[in-house]
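# Coordinates in review
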Amino acid sequence: MNKIAVIGSNMVDLITYIDRMPAQGETLEAPNFAMGCGGKGANQAVAAAKLGADVLMLSKVGDDMFADNTLGNFKRYGIDTQFVQRVPGVSSGVAPIFVQSDSHNSILIVKGANAHLKPADIDAAQAALRDCTLIVLQLEIELETVYYAIEFAKANGIPVLLNPAPAVKGLSREHLSQLDFFIPNETELALVTGLVINSVDSARAAALQLVQDGIRHVIVTLGEKGALYVGEEGEFRVEGIKVDARDTTGAGDAFIGCFARHWSEDGDMRNAMTRAVAYSACSVTGLGTQSSYPDAAAFSHFLDTL
């Protein structure tokens, strides 16, 4: 199995299940609460590792009670943590998440130690990174670190994947053009391109613009409608899978982790996307984020039931 490097965030998910969001100044009782390990980088790493991938994680944890839990969680799934370091006097990242009864969610993030992951940390890990088949990035760490990682990947001939979440305006077109994979959802695609995305066709047009700007492969995740590919291999769509969703938190990260695991194995784009769509659908049938991600055996069982 080829090694995947995930350079990104870790968070402590503070999940409150609600019937509705309170109005300003209103206090409501919520029916349930859970705490778990999250963060987009960590979620993607765990999803890939649960499916059997060899994963190297570059991240930062705080100087608090959450750090040991996060490190232990990585090690539980066999993730290489030699480059996950503590930052003295700084809190770990946290993500308060509010999940409504219709399974939709609202999320706040506090970067904490994640803001201390710097280009120098990539330099320190460069020997290990050069042994990787794919570098996976998100935007819960500092942009300078994301850009530096893209430059490092291209200089060393390592394919690089960016999941532009949480999306920000004004991403460097120079750095975007160096990407092998760009995997946004519809909202992120609209923010990055400045275009209105209200249909699969409008998503296709926006993705084509990014490909013309130099990105090799653009994959737009469409939620229950599946995923759209535009790039060097043409254009195609993988249809979504209907399930009874309980909690959509982390579904996009499930897609990324599964895609990375399968593409890095054999380079089969359509198969990797098809499995990623199914894995994401399977994840929303459970509660929580990483806790909802099936391992390889459970995922295989899910596929057998389709």
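The residue numbering used here restarts from 1 in each chain and proceeds along that chain's sequence as written. Confidence filtering applies because this is a predicted model: local features only for residues at pLDDT of at least 70, side-chain atom pairs given and counted only at 80 or more, and all residues used for totals across whole chains, interfaces and linings. Note: side-chain values were computed over all heavy atoms of the structure, leaving out hydrogens and water.

### Observations regarding unusual backbone geometry
It is generally the case that most residues other than glycine have a negative phi and that most peptide bonds are trans. Put simply, Ala165 and Pro166 share a cis peptide bond, and its omega is -5°. A run of H or I in DSSP becomes a helix once it reaches four residues, and a run of E becomes a strand once it reaches two; helices and strands are each numbered from the N terminus. Counting through the fold element by element, Pro166 comes out in the loop between β9 (160-162) and α6 (173-176). At Ser103, a residue that is not glycine, the phi angle is positive and equals roughly 85°. Relative to the helices and strands, Ser103 is located in the loop between β6 (94-100) and β7 (105-107). When its relative accessible area of 5% is taken as the criterion, Ser103 is described as buried. When accessible area is computed with a 1.4 Å probe and restricted to protein chains, residues below 20% of their type maximum are described as buried, those above 50% as exposed, and intermediate ones as partly exposed.

### Regarding the UniProt feature "binding site: substrate" (unreviewed entry) in the protein chain
UniProt positions are given in the numbering used here, feature names are shortened, and annotations may be inferred rather than shown by experiment. Feature annotation in UniProt assigns "binding site: substrate" (unreviewed entry) to the following positions: Met11, Val12, Asp13, Gly39, Lys40, Gly41, Ala42, Asn43, Glu140 and Asp253. Relative to the helices and strands, Lys40 resides in helix α1 (residues 40-50). Given the relative accessible area of 17%, Lys40 is considered buried. Only heavy atoms enter the contact rule, under which two residues are in contact if any of them lie within 4.5 Å. Sequence-distant contacts of Lys40, defined by excluding residues within four places in its chain, comprise Ser9, Gln138, Glu140, Asn163, Ala165, Pro166 and Asp253. Inspection of the secondary structure assignment puts Glu140 in the loop between β8 (134-137) and α5 (143-155). Excluding its chain neighbours within four sequence positions, the residues that come into contact with Glu140 are Ser9, Met11, Gly39, Lys40, Ile109, Lys111, Asn114, Ala165 and Pro166. Within 3.5 Å is the distance limit for a polar contact, defined as a pair of N or O atoms, with the added protein rule that one can donate a hydrogen and the other accept it, and that residues adjacent in sequence qualify only through two side-chain atoms. A polar atom in the side chain of Glu140 sits 2.4 Å from the side chain of Ser9.

### Digging into the pattern of salt bridges
It is possible for side chains of opposite charge to pair when their charged atoms get near one another. Salt bridges are identified by distance alone: a Lys or Arg side-chain nitrogen within 4 Å of an Asp or Glu carboxyl oxygen. Scanning the model with the defined rule gives 17 salt bridges in all. Here Lys111 makes a salt bridge to Glu142, at a shortest N to O gap of 3.2 Å. Pair noted here: Lys111 is in the loop between β7 and α3 (119-124) and Glu142 is in the loop between β8 and α5, with a separation of 31 residues, a long-range link. Look at Lys111 and you get partly exposed, because its relative accessible area is 27%. In this structure, Glu265 engages Arg261 in a salt bridge whose closest nitrogen and oxygen atoms are separated by 3.1 Å. Note that Glu265 and Arg261 are positioned in helix α9 (residues 251-266) at a spacing of four residues, about one turn of the helix. On the basis of relative accessible area, Arg261 is assigned to the buried category, the value being 11%. Overlapping salt bridges, with partners in common, bring together Lys154, Asp180, Arg216 and Glu232 in one network.

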